[in-house]
Amino acid sequence: MRIVFMGTPDFAVPSLKALVETGHEICGVFTQPDKPKNRGMKLQQSPVKQYALEAGLTVYQPAKMRDGEALSILQRLKPDLIAVAAYGKILPVDILELPRLGCVNVHSSLLPKYRGAAPINWAILNGDDETGVTIMYMAEGMDTGDILTQAVTPIDINENAAQLFDRLAQMGAELLVETVEGLETGTVKPVPQDESRASHASMLSREQSPMDWGRTARQLHDQVRGLFPWPSATAELDGVRCKILRTALSGETTNKAPGTVLQADKKGLRAACGDGGVLDILELQPDGKKAMAATAFLLGHPILVGTMLTKQE
């Protein structure tokens, strides 16, 4: 099949790679314009562009999608299908209607749940036991198009957003290949989304980072997992602001006040939570320093048992 692929970050690379390796004709790859990064502000190519160039594919980087440039390119390319994965730009109606088989999108949730920017993170933040990927037809609304296929996967209680991101990227690639084949043979049929079950996954912000010890141990554990690697959960440990990178649920209970340090030695760092649960802090990153085990942090910054941890503002 003659396909134009649109994508930008790491999440999209497995999908493009899978289409290439399956033998489809990728007649063009659209990705976001190169952006300045780091202190030197050197222009950096997107992960999709890097892979596309290595694979010998033609790359297009229009700054806008509504000024006619992108439409003109696509009219010239005449794709049967446009496949999209985390492109980062909204496609106007004239582009959505151009390909013979339409435009499909790889979305990292079980739609209509978690439409929007951060579905992977919100599935973890909300303590969901499972998530998945959806291949859908693209429509004018945000992730509102008809569902073509879905795949479900459990979320491990200690899996963070970065780990789930990698798994869903691969799942999405495999499902995209199956869906394209089904569209080609006519065996895949679109199903409208149930609007009554729709929910939105808003963008993340640093305002979500501070840990409130009055919450349950599970909620705090999910906060750490769901905000990794950005913006990260944060806590003030006896005056030192730290990103909390990895935690575990001890399974124990306590009658101590929320935020009370229950253990702080070579065996670990533990704190009481709002539900009487106990959270083990395993890995952290103090401001201006590298990530380290909590036990290593305690060697240079001892904390007394009984110290009260407060919400970092």
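Residues numbered from 1 in each chain as written. Predicted model: local features only at pLDDT ≥ 70, side-chain atom pairs only at ≥ 80, totals over all residues. Heavy atoms only, no water.

Student: Sorry, what's going on with the packing of helix H1 (residues 13-21) against helix H2 (residues 47-54) here?
Tutor: Axes are the key here: two packed helices are described by the angle between their axes and the distance separating the axes. H2 packs onto H1 with a crossing angle of 20° between their chain directions and a minimal axis gap of 9 Å. Of the possible angle classes, the one that applies to H1 and H2 is roughly parallel. Seen from above, H1 lies across H2 with right-handed handedness. Of the residues in H2, those in contact with Val13, Leu16, Lys17 and Val20 of H1 are Pro47, Val48, Tyr51 and Ala52. (Axes fitted to C-alpha atoms, helices over the stretch in contact; angles between N-to-C directions. Helix = DSSP H or I, 4+ residues; strand = E, 2+ residues; numbered from the N terminus. Parallel < 35°, antiparallel > 145°, perpendicular 65-115°, else oblique. Left-handed = near helix turned anticlockwise from the far one by under 90°. Contact = heavy atoms within 4.5 Å.)

Student: Please explain the pattern of salt bridges as it appears in this structure.
Tutor: Pairing is possible between side chains of opposite charge, provided their charged atoms come close. Throughout the structure, instances matching the rule amount to 12 salt bridges. Arginine 218 is the partner of aspartate 222 in a salt bridge, and the nearest nitrogen-oxygen pair spans 2.8 Å. Taken together, the residues aspartate 222 and arginine 218, both in helix H7 (residues 217-226) and four residues apart, mark about one turn of the helix. In this structure, aspartate 222 and arginine 225 form a salt bridge, with 2.7 Å as the shortest nitrogen-oxygen distance. Here the residue aspartate 222 and the residue arginine 225 both occupy positions in helix H7, the gap between them amounting to three residues, near one helical turn. Per residue, the accessibility class of aspartate 222 equals that of arginine 225, and both read buried. The network of salt bridges with shared partners includes Arg218, Asp222 and Arg225. (Salt bridge = Lys/Arg side-chain N within 4 Å of Asp/Glu carboxyl O. Buried < 20%, exposed > 50% of the residue type's maximum accessible area, 1.4 Å probe, protein only.)

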